[in-house]
Amino acid sequence: MNADAELGLRGPLAYAIHASFFVLLSTSGVRYVTVHGTSGRFGVVLVLAGVLAVLYAVMATVSSRDVVRQRLWMWPVLSTWAALVWLAPSFAWCAFPVLFLCIRLYPSKIAYPLVGILGVLAGIAFYRVTGRAELVTLLGPLCTAALVAAAYGQMERDARERLRLLRQVAEAQSALADTERAAGVAAERERLAREIHDTVTQGLASALLRLAAAEQTWNTTGSPSRADVDAAAENIRTSLMQSRDLVHDLAPTKGGTGNFDALVVSAARQFVPAVRIRTVGEAVILPSDVAHAIVRVVSSASSNIAHHARADTAGVTITYLDDSISVDIFDDGVGFDPGKLADHSRYGGYGLRAMRSRVAQLGGSFTVESAPGDGTVVAAQFPLERRIR
C-alpha cells in the first residue's frame, strides 16, 4: 500500500483533484450541449452527470482518514463515469483527476490496472469524439495514464526513501544520545572514584597507619602512641567531613590564594608532616576547579609517599607562570619504574591513574619521573585562561 493511500485524500493535492474534477465535469457538460443540443440522450446524460457529481461529492466528503469508506464510494463513481462516457464521450476528460484518485486511494496492485483501464476507455471515447482513426487519439490517453502512474510511483518511492532515511537519522540520534548518556555516566563514575580515592580512602588509610604504629609502640615507655592515636582520630574526622562533601555533590574548592595555600599545606602534611612547601612566582586567584585539582593531586601524591616511598625528605613546589600553574611533589624515597606499574594495584596504581585523568580533564599535563632507588617526582601543570591579580 502506498503512503498516500494509508492517509486517504487529504491536503492541497486532494483539494486540487476535487476542484479539477468538477471543472472538467461542468465544461464537458457544456461541450455536450453545444455539440448535441438538448435532444436525444440529453435527459439520460444529465441524470448520469448529476448522479456522478453527487457520488463524487459524497466520496470526497467522507472522513479523510476513513480510507475503506472512500474506496467503497469510489467504485460507484467509476461505474457511473464509465456509463456516462459510453453515452457521452465528451465526459472522457474527467478521467484525468480520476486517475490520481485511484493512485491515491488504492494499493499499487489495484491502482495500476485501474489506471490502464481508464486510459483505454478515455482513448476510445476521444476516438469517438473526433470520428477519425488516429493512433494518437487512441494512445494519447493511455500514455498519459502510464506517465501519471510512473510519476506518482516515483514520488511514492522517493517519499518512502525519505521516510526510511528519517527513521535511520532518528535511530542514529537515539543511539548517539544513549552513547552520550552512557559516556556521561561513565565519566561521573570515574569522577566519583577519583574523589573517593583522593579523600575518604586516603584519609582512612592514613588513620590506619597511625593506629598500626600506635599498636606496635603502645606498651613501650615514652612511646608516641598517644600522638599517633590523636593523629588517626583527626584523619578520621577529616575523612568524615570529606565524605559529607561527596554526599553534597563534592563541593569544589573555593578560589582565593589564602584558602588555597592552607588547603595545600593541609593536604600534604596530613600524610607527610615534615613535608617542605615552597611557592615560586606571584600568586594569583585560581579557578575553583584548578585549585580543587591541585589540592587533590598533592593529597594523592603525599599519600603515595607515606605509603610506599620510605622517604627521608619530601617537598611540594607550586610555581605560578604567566599562563599556567604547575605543582611538583618530590621525595628521595625508594622510587619505582612507572612503566611497570599496573593501573589497578595496591601500590598506588589507581592513584596515579586518577591524578592523570583529573589533570587531563582540565587540559593540563601530568608526568611521573622515577626509578628504583632514585626517588620520585610527580608534576602537574594547568593552563590558566584568566589571571586575577
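Let me sum up the structure you'll find in this document. Being a predicted model, the structure only gives us computed values, none of them experimental.

**A few points about the packing of helix H4 (residues 67–87) against helix H5 (residues 95–105)**
- Contact geometry of H4 with H5 gives a least axis separation of 11 Å together with a crossing angle of 150°. Here H4 lies roughly antiparallel to H5, going by the angle between them. Once H4 is placed against H5, the crossing between them reads as left-handed. Residues Val67, Gln70, Arg71, Met74, Leu78 and Trp81 of H4 lie in contact with H5, whose contacting residues are Ala95, Val98, Leu101, Cys102 and Leu105.
- When grouped by side-chain class, the residues that make up the contact of H4 with H5 number nine nonpolar, one polar and one charged.

**Focus on the packing of aromatic side chains**
- Per the stated rule, a full pass over the model turns up three aromatic pairs.
- Seen in terms of ring centroids, Phe21 and Phe22 are 5.6 Å apart; in terms of plane orientation they differ by 85°. Their pairing is edge-to-face.
- According to the relative accessible area criterion, Phe22 is partly exposed, its value standing at 31%.
- Ring plane angle 5° and centroid distance 4.0 Å describe the contact between Phe21 and Tyr56, whose orientation is recorded as stacked. With Phe21 in helix H2 (residues 11–36) and Tyr56 in helix H3 (residues 42–61), the pair connects residues that are 35 residues apart, well separated along the chain. Each member of the pair, Phe21 as well as Tyr56, is classed as buried.

**Quick notes on the environment of Val68**
- Among the secondary structure elements, Val68 is positioned in helix H4.
- Sequence separation between Val68 and Leu105 is 37 residues; the distance between their C-alpha atoms is 8.9 Å.

**A few points about the nonpolar core**
- Among the nonpolar cores identified, the biggest contains 37 residues, and Leu25, Met74, Leu84, Phe91 and Cys102 are the most heavily contacted of them.
- At the level of elements, H2, H3, H4, H5 and helix H6 (108–130) are the ones that each hand at least two residues to this core.
- Looking at this core, the element that brings in the most residues is H3, giving eight residues.
- Setting aside its immediate chain neighbours within four residues, Leu25 contacts Ala49, Leu52, Ala53, Leu84, Phe91 and Cys94.
- Ranked by size, the runner-up nonpolar core spans 35 residues in total, among them Val297, Ile318, Val327 and Phe382.

**Description of H3**
- For H3, built from 20 residues, the straight-helix expectation of 28 Å at 1.5 Å per residue is met to within 8% by its first-to-last C-alpha distance of 28 Å.
- For H3, the complete set of buried residues consists of Val45, Leu48, Ala49, Leu52, Ala53, Leu55, Tyr56 and Met59.

**Re unusual backbone geometry**
- For Arg310, which is not glycine, the phi torsion reads 50° and is therefore positive.
- Tracing the sequence through the fold places Arg310 in the loop between helix H10 (288–309) and strand S2 (314–320).

**Thoughts on the pairing of strand S5 (residues 376–383)**
- When strand S3 (residues 324–331) meets S5, the two strands line up antiparallel, connected through eight bridges. If you follow Ser324 over to S5, its bridge partner there is Pro383.
- Pairing geometry for strand S4 (residues 365–370) and S5, over six bridges, is antiparallel. If you follow Phe366 over to S5, its bridge partner there is Ala380.
- The turn joining S4 and S5, which pair antiparallel and follow one another in sequence, is formed by five residues; a positive phi near 85° is taken by Gly373.

**Topic: a nonpolar patch on the surface**
- Among the surface-exposed residues, Leu204, Leu211 and Ile236 lie close enough to one another that they form a single nonpolar patch of about 250 Å² accessible area.
- Of note, Leu204 is situated in helix H7 (residues 135–217).
- Leu204 sits in the partly exposed class, given a relative accessible area of 43%.

**Quick word on the pattern of salt bridges**
- Inspection of every chain in the model, using the stated rule, returns one salt bridge.
- Residues Arg164 and Glu161 are paired through a salt bridge, measuring 2.4 Å at the closest nitrogen-oxygen approach. A residue pair is termed a helical-turn pair when its members lie 3 or 4 positions apart in one helix, as Arg164 and Glu161 do in helix H7 at three residues.

**Brief notes about the sheet that holds S4**
- If you trace the five strands from one edge of the open sheet to the other, you get S1-S2-S3-S5-S4, paired in mixed fashion. Since the sheet does not close on itself, it has two edges, and those belong to strand S1 (276–280) and S4, each with one partner. On average, adjacent strands in this sheet sit at an angle of 10° to one another, irrespective of strand direction.
- Strands S2, S3 and S5 of the sheet are contacted by H10, whose axis makes an angle of about 10° with S3.

**What about the packing of H3 against H4?**
- Running from amino to carboxyl end, H3 crosses H4 at an angle of 160°, the nearest separation of the two axes being 9 Å. Considering their axes alone, H3 and H4 lie roughly antiparallel with respect to each other. Between H3 and H4 lies a crossing whose hand is left-handed. The residues of H4 that touch H3, namely those facing Val44, Val45, Leu48, Ala49, Val51, Leu52, Leu55, Tyr56, Val58 and Met59, are Gln70, Trp73, Met74, Pro76, Val77, Thr80, Trp81, Ala83, Leu84 and Leu87.
- Looking at the contact of H3 with H4 residue by residue, the classes come out as 18 nonpolar, two polar and no charged.

**Details of the side chain of Thr317**
- Locating Thr317 in the fold gives a position in strand S2.
- Exposure remark for Thr317: the relative accessible area of 9% places this residue in the buried category.
- If sequence neighbours within four positions are ignored, Thr317 has contacts with Arg278, Val280, Ser326, Val327, Asp328 and Phe330.

Parameters and conventions
Residues numbered from 1 in each chain as written. Predicted model: local features only at pLDDT ≥ 70, side-chain atom pairs only at ≥ 80, totals over all residues. Heavy atoms only, no water. Axes fitted to C-alpha atoms, helices over the stretch in contact; angles between N-to-C directions. Helix = DSSP H or I, 4+ residues; strand = E, 2+ residues; numbered from the N terminus. Parallel < 35°, antiparallel > 145°, perpendicular 65-115°, else oblique. Left-handed = near helix turned anticlockwise from the far one by under 90°. Contact = heavy atoms within 4.5 Å. Nonpolar A, V, L, I, M, F, W, Y, C, P; charged D, E, K, R; others polar. Phe/Tyr/Trp six-rings, centres within 6.5 Å; stacked < 30°, edge-to-face > 60°. Buried < 20%, exposed > 50% of the residue type's maximum accessible area, 1.4 Å probe, protein only. Core = buried A, V, L, I, M, F, W, Y, C linked by side-chain atoms within 4.5 Å. Expected span 1.5 Å × (residues − 1). Pairing = 2+ DSSP bridges. Patch = residues over 30% accessible without salt bridge, like charges linked within 9 Å, V, L, I, M, F, W, Y side chains within 5 Å. Areas by Shrake-Rupley, 256 points an atom, 1.4 Å probe, with all protein chains shown as cover. Salt bridge = Lys/Arg side-chain N within 4 Å of Asp/Glu carboxyl O.

Note that every value here comes from positions in space, so none of it alone points to a role or purpose.
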